[in-house]
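Understanding the architecture of this molecule
In case you want the letters, here they are:
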Amino acid sequence: MHIWVDADACPAVIKDILFRVAERLQLNVTLVANQLIRVPGSRFIRALQVPAGPDVADAEIVERVNPGDIVVTGDIPLAALVLDKGGLPLNPRGEWYTKDTIAQQLTMRAFMEELRGSGVDTGGPAAFNQADRQNFANALDRQLARSRPRAADR
């Protein structure tokens, strides 16, 4: 299992959680961005800088993701592509994108873009808070516990 991070818009506190998880579980975490990302010195954590451009980081993640890999992203179209490849997309607020919900999320996203395009002020997402951070950590921990073999099973 590998954790891929759509790092351009990922909150720093989420990256910190992922860095700790990488070290604790000796799990590979790769942050993909079109800007230089600083990561701690670790054999489990790396940054991959891609050229600037729309969806270049997304395309890189989709190309590299394998079934069962976790992808941390708030990008709904990227989450849909990850699901198609058998990956597990997780929103930084701790919500899993699933095959059962992704179509509705894509439709809502398109609807909101249409509203914004016609001049309607739709506001933005709520500020990222401590509850979001905790929801993310809990969702990630539950998935990792399900995905990784227990010591007694090894």
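Rules of the game
Residues numbered from 1 in each chain as written. Predicted model: local features only at pLDDT ≥ 70, side-chain atom pairs only at ≥ 80, totals over all residues. Heavy atoms only, no water. Pairing = 2+ DSSP bridges. Helix = DSSP H or I, 4+ residues; strand = E, 2+ residues; numbered from the N terminus. Axes fitted to C-alpha atoms, helices over the stretch in contact; angles between N-to-C directions. Contact = heavy atoms within 4.5 Å. Buried < 20%, exposed > 50% of the residue type's maximum accessible area, 1.4 Å probe, protein only. Polar contact = N/O pair within 3.5 Å; in protein donor to acceptor, adjacent residues only side chain to side chain. Core = buried A, V, L, I, M, F, W, Y, C linked by side-chain atoms within 4.5 Å. Parallel < 35°, antiparallel > 145°, perpendicular 65-115°, else oblique. Left-handed = near helix turned anticlockwise from the far one by under 90°. Nonpolar A, V, L, I, M, F, W, Y, C, P; charged D, E, K, R; others polar. Right-handed = clockwise from strand over helix to strand, strands pointing away. Expected span 1.5 Å × (residues − 1). Lys, Arg positive; Asp, Glu negative; His and termini not counted. Salt bridge = Lys/Arg side-chain N within 4 Å of Asp/Glu carboxyl O.

Observations concerning the sheet that holds strand β3 (residues 45-49)
Spatially, β3-β2-β1-β4-β5 is the arrangement adopted by the five strands of the open sheet, whose pairing is parallel. Among the strands making up the open sheet, the edge pair consists of β3 and β5 (88-90). Strand after strand, the sheet turns through a mean of 20° between neighbouring axes, direction not considered. Where strand β2 (residues 28-33) meets β3, five bridges bridge the pair, whose relative direction is parallel. The partner of L31 across the bridge, within β3, is A47. Contacting β1 (2-6), β2, β3 and β4 (70-72), helix α1 (residues 12-25) crosses the sheet at an angle of about 150° to β2.

Points about the side chain of T30
Mapped onto the elements, T30 comes out in strand β2. Classification of T30 as buried rests on a relative accessible area of 1%. A polar contact of 2.7 Å, which involves the side chain of T30, links it to the side chain of H2. When residues no more than four places from it in sequence are discounted, the contact partners of T30 are H2, I3, W4, V5, R46 and L48.

What about the nonpolar core?
By size, the foremost hydrophobic cluster in this structure holds 25 residues, and its most contacted members are I3, V5, L18, L31, V72, F136 and L140. If you list the elements that add at least two residues to this core, you get β1, α1, β2, β4 and α5 (130-147). Looking at which element gives the most residues to this core, the answer is α1, with six residues. Setting aside residues no more than four positions away along its own chain, I3 makes contact with L18, L27, N28, V29, T30, I70, V72 and L140. Core analysis: the second largest hydrophobic core is formed by eleven residues, V50, I61, V62 and V71 among them.

Some words on the packing of α1 against α5
Running from N to C, α1 and α5 point in directions that differ by 25°, and their axes come no closer than 10 Å. Taken together, the axis directions place α1 and α5 in an arrangement best described as roughly parallel. Helix-helix and strand crossings are classified by hand; for α1 and α5 the assignment is right-handed. Of the residues in α5, those in contact with V13, I14, I17, L18, R20, V21, R24 and L25 of α1 are R133, F136, A137, L140, D141 and L144. A per-class count over the contact of α1 with α5 returns ten nonpolar, no polar and four charged.

A word on the pairing of β1
Judged by how many residues are buried, β1 sits mostly within the fold: five of five residues are covered. Of the two faces of β1, the one carrying H2, W4 and D6 and the one carrying I3 and V5 are both buried. Pairing geometry for β1 and β2, over five bridges, is parallel. The residue of β2 that forms the bridge with W4 is T30. One crossover worth recording links β1 to the parallel β2 by way of α1, and it is right-handed.

Quick look at α1
Taking 1.5 Å per residue, 14 residues should reach 20 Å; α1 reaches 20 Å between its end C-alpha atoms and fits that length. Inspection of α1 places I14, K15, I17, L18, F19, V21 and A22 among the buried residues, and these make up the whole buried set. After α1 finishes, the residue Q26 shows a positive phi value of roughly 50°.

Description of the side chain of D6
Examined against the element boundaries, D6 turns out to sit in strand β1. K15 is the oppositely charged side chain nearest to the buried, salt-bridge-free D6, at an N-O distance of 9.5 Å. Side chain to side chain, D6 and T73 meet in a polar contact 2.9 Å long. Those residues within four positions of D6 in sequence are excluded, and the remaining contacts are V32, A57, D58, I61, V72, T73, D75 and L78.

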